[in-house]
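Understanding the architecture of this molecule
Spelled out, the chains give:
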Amino acid sequence: MTGASLSSSLVEHGLDPAERSAKQSLFDLVLAAFGTLSSGRAPRHVLWVPGRLEVFGKHTDYAGGRTIVGAVPRGMLVAASPRRDGAIHIVDARRRESVTLAPAGADQHRFRQRRGDPTCGGETGTPRPPGSSYTGWRHYAEVVARRLAHNFPGASTGADIVIASDLPRASGMSSSSALVVGLAAMLVRLADVGARREWQENITSRLDAAGYYACIENGRTFGTLEGDAGVGTHGGSEDHAAILTGTPGHLAAFAFVPMRDLARVEVPPAWRFVLTPCGVRSSKTGASLVPYNRLSRGTQVLLEIWNSAEPPAVSLGAALGTVLAADGVGLGPRADPLGRLRELVRRSRVPDWSADALERRLEHFVREDARIPVALDACRSADAALMGEAAAGSQADAEALLGNQIPETSALATSARRLGAFASCGFGAGFGGSVWALVERHAAQEFASRWHNEAFVAVPGPPLTEL
């Protein structure tokens, strides 16, 4: 097993061949760190876990709306083998950091956190007591291990794990969800959790697995698999759907609550996505946590207002199903549920939520959700003008209605159009993050070099793949 062989395997699974050399360097780094950790033994499992491009569907998934997404050609490699003592030792080879999670239920310190881990050439850190709060990637690792131990008691999840990522951190490309999915999927494999009754009763497909991994992150219960606090964000599952089920060269449309796979559409061969982080990190468990969760809470308040006066719906999208139906057929309990909800909102009295703020949140949800069938049509017909119009509307609505854009993302979307992109838009959780642009294939590399020093061409790649 070498970095060259792993990168070649990933290309065979659909990765853009232009990414081969960069992936070989990343994979060599992981394998070298794993060799140090395991006295030269090869890992039992190696997983590629991509990041996510969100084309349209800003803050719609958790409210039962639709999104259109793809797996990006950058992501995380996860290499692992089981440990007999039940501890989970994770090394980030690129950051030269590690964390050790003690066996579930052990009467000892649950964590040892290291910066500059000895397996990477650094010094040992100091154990911390049970219940300590951890930040950054270690917090996500703790959440994954805790949830799996709770849902699958007795599972032997002990592991030596090495990770490394070439995704920009906190950039809106789902580096945190890739970490959650990568660690959870690896531990499920090592402990053979898929053979357990609890798993088989709840998870029968990759899309189900995506939904469960999303619930690990947001803390919700999945079927009979009881939830907990999660990582603290009240997010949805579009990231996990793209990471687990993306199709190389294609975008995928999903509906949510419950999650459904709606359509796959090829990115027109003459088009290329170019992505760039804006340079301002958007940490959903840091400074962006409160405004991020408020956007989620807004849709919940709207649903509560609807359910207090109308037959209860499971999501805002379900309540507005007549308006949001892709084919325009079928009538719900009212011919105009959107008008009815607007009427209820204008009469509402909700602490910390003005009627005006709720109307803006509702308007954004309806407009953004409606862009999904438009984007599918634009891709099918290679209609650059239609895609550009949808992107301009999405960006404008994110700025004026959603309020999750910052000057840097707005400026990048504008400059992309000025430099020749026919469509551009911010994406991700917002309050920082990234911007995508669509350009003609022949101009993609030149455009990227002129647009931003971190911009890269992104042909949608393979989903989570065992190499």
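Conventions used here
Residues numbered from 1 in each chain as written. Predicted model: local features only at pLDDT ≥ 70, side-chain atom pairs only at ≥ 80, totals over all residues. Heavy atoms only, no water. Helix = DSSP H or I, 4+ residues; strand = E, 2+ residues; numbered from the N terminus. Buried < 20%, exposed > 50% of the residue type's maximum accessible area, 1.4 Å probe, protein only. Contact = heavy atoms within 4.5 Å. Pairing = 2+ DSSP bridges. pLDDT = per-residue confidence, 0-100. Axes fitted to C-alpha atoms, helices over the stretch in contact; angles between N-to-C directions. Phe/Tyr/Trp six-rings, centres within 6.5 Å; stacked < 30°, edge-to-face > 60°. Lys NZ or Arg CZ within 6 Å of the ring centre and 35° of its normal. Salt bridge = Lys/Arg side-chain N within 4 Å of Asp/Glu carboxyl O. Polar contact = N/O pair within 3.5 Å; in protein donor to acceptor, adjacent residues only side chain to side chain. Expected span 1.5 Å × (residues − 1). Parallel < 35°, antiparallel > 145°, perpendicular 65-115°, else oblique. Left-handed = near helix turned anticlockwise from the far one by under 90°. Nonpolar A, V, L, I, M, F, W, Y, C, P; charged D, E, K, R; others polar.

1. Regarding the overall build of the protein chain
Secondary structure summary: the protein chain contains 15 helices and 14 strands in total. Expressed as a percentage of its 467 residues, the buried residues of the protein chain come to 59%. Considering only intrachain contacts with a sequence separation of at least 6, the fraction spanning at least 24 residues in the protein chain is 70%.

2. Observations regarding the pairing of strand β1 (residues 45–56)
Successive side chains on a regular strand alternate, one facing one side of the sheet and the next facing the other. Across the twelve residues of β1, twelve count as buried, placing the element largely inside the fold. The pairing of β1 with strand β2 (residues 66–82) spans ten bridges and is classified as antiparallel. Residue Val 46 lies in a different strand from β2, and its bridge partner there is Ala 79. Bridging between β1 and strand β14 (residues 465–466) involves two bridges; their strand directions are antiparallel. Within β14, the residue paired with Leu 47 across the bridge is Glu 466.

3. A word on the confidence of the model for the protein chain
Averaged over every residue, the pLDDT of the protein chain is 89; residues scoring 70 or more account for 89%. Here residues 107–132 is modelled with pLDDT under 50, and outside its nearest four sequence neighbours on either side it reaches 66 contacts, counting other chains as well. When the criterion is pLDDT under 50, residues 322–333 qualifies, and its contacts beyond four places in sequence or with other chains add up to 16 contacts.

4. Looking at the sheet that holds strand β13 (residues 456–458)
Strand order across the open sheet formed by four strands is β11-β12-β10-β13, with antiparallel pairing between neighbours. Because the sheet does not close on itself, it has two edges, and the strands there are β11 (423–427) and β13. Going across the sheet, the axis of each strand differs from the next one's by a mean of 30 degrees, ignoring polarity. Contacting β10 (271–277), β11 and β12 (434–440), helix α13 (residues 384–402) crosses the sheet at an angle of about 35 degrees to β11.

5. Topic: the packing of aromatic side chains
For the structure on display, the rule yields twelve aromatic pairs. Here the aromatic cluster, defined as three or more aromatic residues joined through ring pairs, consists of Phe 152, Trp 199, Tyr 212, Tyr 213 and Phe 222. In this structure, Arg 74 is placed above the aromatic ring of Phe 456, and the distance from its NZ or CZ to the ring centre is 3.8 Å.

6. Some thoughts on the pattern of salt bridges
All chains considered together, the criterion is met by 27 salt bridges. Linking Glu 198 and Arg 196 is a salt bridge whose minimum nitrogen-to-oxygen distance equals 2.8 Å. Judged by its relative accessible area of 16%, Glu 198 is buried. By relative accessible area, Arg 196 is classed as partly exposed at 21%. For Glu 310, the salt bridge identified is with Arg 340, shortest N-O distance 2.7 Å. Taken together, the residues span a long stretch of sequence, with Glu 310 in the loop between α8 (289–309) and α9 (316–319) and Arg 340 in helix α11 (residues 337–346) at a distance of 30 residues.

7. Brief notes about the environment of Ser 315
Structurally, Ser 315 is set in the loop between α8 and α9. The buried category is assigned to Ser 315, whose relative accessible area is 3%. The sequence separation of Ser 315 and Gly 64 amounts to 251 residues, and the corresponding C-alpha distance is 5.2 Å. Not counting the four nearest positions on each side in its chain, Ser 315 is found in contact with Ala 63, Gly 64, Val 257 and Leu 303. There is a polar contact of 3.0 Å between the side chain of Ser 315 and the backbone nitrogen of Ala 318.

8. A closer look at α13
A rise of 1.5 Å per residue sets the reference length of α13, with its 19 residues, at 27 Å; its end C-alpha atoms lie 25 Å apart and thus fit the reference within 8%. The set of residues buried in α13 consists of Met 387, Gly 388, Ala 390, Ala 391, Gly 393, Ser 394, Gln 395, Asp 397, Ala 398, Leu 401 and Leu 402. The N-terminus of α13 is capped by Asp 383, whose side-chain oxygen sits 3.2 Å from the backbone nitrogen of Ala 385. Immediately downstream of α13, the backbone of Gly 403 shows phi near 70 degrees, a positive value.

9. A look at helix α6 (residues 206–218)
Think of an α-helix as turning once every 3.6 residues; residues three or four places apart then point the same way. Over its 13 residues, α6 runs 18 Å from end to end, which matches the ideal 18 Å to within 8%, given 1.5 Å per residue. In terms of burial, α6 is largely enclosed, as eleven of its 13 residues are buried. Residues Leu 207, Ala 209, Ala 210, Gly 211, Tyr 212, Tyr 213, Ala 214, Cys 215, Ile 216, Glu 217 and Asn 218 constitute the buried set of α6. Buried-residue contacts for α6 involve α3 (136–151), α4 (175–190), α5 (197–202), α7 (238–245), β8 (250–255) and β9 (260–266). Just downstream of α6, Gly 219 is the residue with a positive phi angle, here 90 degrees.

10. So, the packing of α4 against α7
How two helices sit against one another is set out by the angle between their axes and by the gap between those axes. Between α4 and α7, whose axes approach to 10 Å, the crossing angle comes to 55 degrees. Taken together, the axes of α4 and α7 lie oblique to each other. The interaxial crossing formed by α4 with α7 has right-handed handedness. Seen from α4, the contacting residues are Ser 177, Ala 178 and Val 181; seen from α7, they are Asp 239, His 240, Ile 243 and Leu 244.

11. Brief notes about the packing of α13 against helix α14 (residues 407–418)
Contact pair α13 / α14: the axes reach a minimum separation of 11 Å and the direction vectors enclose 160 degrees. One way to sum up the angle between α13 and α14 is to call them roughly antiparallel. By crossing handedness, the relation of α13 to α14 is classed as left-handed. Of α14, the residues touching α13 (which contributes Gly 388, Ala 392, Gln 395 and Glu 399) are Thr 409, Ser 410, Ala 413 and Arg 417. Per-class residue counts for the contact of α13 with α14 are two nonpolar, four polar and two charged.

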